[in-house]
Each structure stands twice: as structure tokens, then as C-alpha cells.
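# Chains, contacts and geometry: an overview
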Amino acid sequence: MGGDDLAAEAAALKQKIRDCRKEMCDTQLINETGDIETIKLTLRVRKTLRGHLSKVYAMDWAEDSRHLVSASQDGKLIVWDAYTANKVNAIPLRSSWVMTCTYAPSGNFVACGGLDNLCSIYNLKTKEGNVKVTRELAGHNGYLSCCRFISDKQILTSSGDTTCALWDIETGQQTTALVGHEGDVNCISLAPDGNTFISGSCDTSSKLWDIRDGMANQTFYGHELDINAISFMSNGLNFATGSDDATCRMFDIRSDQEVACYGGEHIICGITSVAFSKSGRVLFAGYDDFNCHVWDVLKLERAAQLMGHENRVSCLGVNEEGVARGGTSPLYWKLG
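What comes next is a walk through the structure. (Residues numbered from 1 in each chain as written. Predicted model: local features only at pLDDT ≥ 70, side-chain atom pairs only at ≥ 80, totals over all residues. Heavy atoms only, no water.)

### What to know about the environment of Arg-254
Among the structural elements, Arg-254 can be located in the loop between strand S20 (248-252) and strand S21 (257-262). With a relative accessible area of 58%, Arg-254 lands in the exposed category. Placed 17 residues apart in sequence, Arg-254 and Leu-237 show a C-alpha to C-alpha distance of 6.9 Å. Contact partners of Arg-254, with chain neighbours within four places excluded, come to Leu-237 and Asn-238. There is a polar contact of 2.8 Å between the side chain of Arg-254 and the side chain of Asp-252. (Helix = DSSP H or I, 4+ residues; strand = E, 2+ residues; numbered from the N terminus. Buried < 20%, exposed > 50% of the residue type's maximum accessible area, 1.4 Å probe, protein only. Contact = heavy atoms within 4.5 Å. Polar contact = N/O pair within 3.5 Å; in protein donor to acceptor, adjacent residues only side chain to side chain.)

Printed below as a string of C-alpha cells:
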């Protein structure tokens, strides 16, 4: 059997899977939530964190809901105290072309990466008191699009080389290469149980991976353009994606398909970032039009709109206390 025949057979099997999914989809989320009232939220800016001199490209909350790290193209990684809006650490980077950053669950480390193809890990709790690089993880053949700590000993990365990777931080070695996407992998989100994660790609698909065996167990379709952002709900059973096709979509792992689409004619720009509220009832999404739209997950309607940034919302995050933060210039909002 030749290559063309194999490709045709694979395409036919994919279409068969899509057809089976449609047959199993006996209802829509909006049809089951008719008796639930739409929520309307009031949000207000609590603080503006000033210190970066150029675009803030990424941020991540620490698990204590007080500290966060932001990465900017001014060549600095800044650790903030959100209570006081003061800088705790300002870390100079070897490359200013940073695209992602993350905070370790322990609060001991932060990491970042970008066009240098490296994942650089910094120890915040050295005996000397200064922050320094403890490890540079090299192995990707493309830019580093996202990184997420599993623990102080393991970290996940995604790359423009179409792969994700699991790393042993102590040895600096890549322990598992997760291969399956056909385009740049733009984003990843770790499941609450720490055993699985999801990835979003320029091939318009998202995949559910098992970290323990390195296999992609499920693939989800629905978007028409690149997936730029992805985030698990706190229940670990649903996740949301944001795409250049101007829609956010929610997928259910149990039913193996899309269950909701958030968008409208009034939104014509791409989504850069997504995050659920702690309860999962609200979905925050950052857009290229300088706004952050807040969606009622159950009613598929907009519950609020955050306006305050003067440029595209490049990133956002929600901490355990319900504070949403993001943007090209760091603002954060409190549900009120």
C-alpha cells in the first residue's frame, strides 16, 4: 500500500470518528440549561502592576494566590506580590524574546522560554538569597511556546517543533517526547490530578495526553484556525480552547466532543488566552481587540466585559481566590 493510499485511509477513519461523535451527540449544553438564569458580573480593577518597560507576553499565578510571575520582552522576568503591587524579584533574561513563564507549585522555582528554544529554570530560594539559573533545558528544535511545572522535579513544555516534552529537572534530560500534532503546539494545560494534560495546536486540534505513558488518548476537533490558548476546568473533565477563528469552545472528555461554542458576530478577532473561574461557571477570554470577555459557561452568553488595557490582551490567569489578571500591561480584577 502506497503513501497516498495510507493517507486516504487515515482521512477516511478520521471522518468516520467525526460521524460517530455526531451520532452520539443527542443534545446541546444550551438545551439543558434553559431554566438557569444568566449571570451578570460586576468586576473592577483592583491594582495595576507597573515595572515592565515593554510588552508583557505571559504570566502565571503561584498557588498561594498572592505571588505571580510575568515575562516581558523588556528582557525581565518579574515576581510580584499582588497584595502590595511590589516587585519581589526582577530577573534579567539572556533572551528578551520570551513567550511563556510558569510558577512551580512549591513556590521555589519559576521558569520561562521563547525563541531561544530553551526552558530556563530559576531558583527563588537559594542560600545566597539571589535568584539564579539552576537549569537550562535544551532539546526542542523550535521556539518554546508554553511550560508548566508538575513538581520541583518535573516540567512540561510545548514547542513550535510540533512536540511536547516531559523533563527531569535535576538531570536536565528530556524523559518523554510527546509526538502527535501536525503543526506548532501553542499551549498546554495540566489536569488537576497531574497525570494528564491537554495541548492546543496550529493544526486546529487539541489532544489529551497521559504523562505516564506519553500517549495521546483523545483528539478533539472543532476550530477552523490555530488554537492559541487552552485551560482545564477545575473538575478535570472539561476544558476550554481559544482560537484565531474568534471563538472559544468547551470540550467534554467523557463524551469525547465539543459541548459549547462562545462567540458572536460582534467578535471578529482572535483569542490569546483563556481561564475558568474556580467554580467553572465563568470563562475568561483575552482578545486581540484589547478586551477581556467574560462568558457564562452554561448559558453561552457574555456575562461581563473587562476594558482597561491599551493594547491586545496577551495573557490572563485566575488564581484560587477568584482574581483575574492579564494583559500587555498588568492589571488585575476582582469579582465583586
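### Considering the packing of aromatic side chains
Think of a pair of aromatic rings as described by two things: how far the centres are apart, and how the planes are tilted against each other in angle. For the structure shown, the criterion picks out 6 aromatic pairs. Taking 5.1 Å as the distance between ring centres and 80° as the angle between the ring planes, the aromatic pair formed by Phe-220 and Phe-239 counts as edge-to-face. Of this pair, Phe-220 sits in strand S17 (residues 215-220) while Phe-239 sits in strand S19 (residues 238-243), placing them 19 residues apart in sequence. On the numbers, 5.2 Å between centres and 20° between planes, the contact of Phe-239 with Phe-251 is stacked. Placement of Phe-239 in strand S19 and of Phe-251 in strand S20 is noted, with a sequence separation of 12 residues between them. We classify Phe-239 as buried; its relative accessible area is 0%. Among the aromatic side chains, those forming a connected cluster through ring pairs are Phe-220, Phe-232, Phe-239 and Phe-251. (Phe/Tyr/Trp six-rings, centres within 6.5 Å; stacked < 30°, edge-to-face > 60°.)

### Describing the side chain of Lys-299
Secondary-structure assignment places Lys-299 in the loop between strand S24 (292-296) and strand S25 (301-306). Residue contacts for Lys-299: discarding those within four places in its chain leaves Ile-30, Thr-33, Gly-34, Ile-36, Glu-37, Thr-38 and Arg-281.

### Quick look at the sheet that holds S17
Backbone hydrogen bonds are what pair the strands of a sheet, in a parallel or an antiparallel way. Pairing is antiparallel across the open sheet formed by 4 strands, whose spatial order is S14-S15-S16-S17. Either end of the sheet is taken by a strand with one partner, and the two such strands are strand S14 (185-190) and S17. When strand polarity is set aside, the average angle formed by the axes of neighbouring strands in this sheet is 25°. In the sheet, S14 pairs with strand S15 (residues 196-201) via 5 bridges, with the strands oriented antiparallel. Looking across to S15, one finds that Ile-188 is bridged to Ser-199. (Pairing = 2+ DSSP bridges. Axes fitted to C-alpha atoms, helices over the stretch in contact; angles between N-to-C directions.)

### Quick look at the sheet that holds S19
One open sheet holds the 4 strands; their spatial order is S18-S19-S20-S21, and the pairing between them is antiparallel. Every interior strand has two partners, whereas the edge strands, strand S18 (227-232) and S21, have only one. Ignoring which end each strand starts from, the neighbouring axes of this sheet average 25° apart. Pairing geometry for S18 and S19, over 5 bridges, is antiparallel. Within the sheet, the bridge partner assigned to Ala-229 lies in S19 and is Gly-242.

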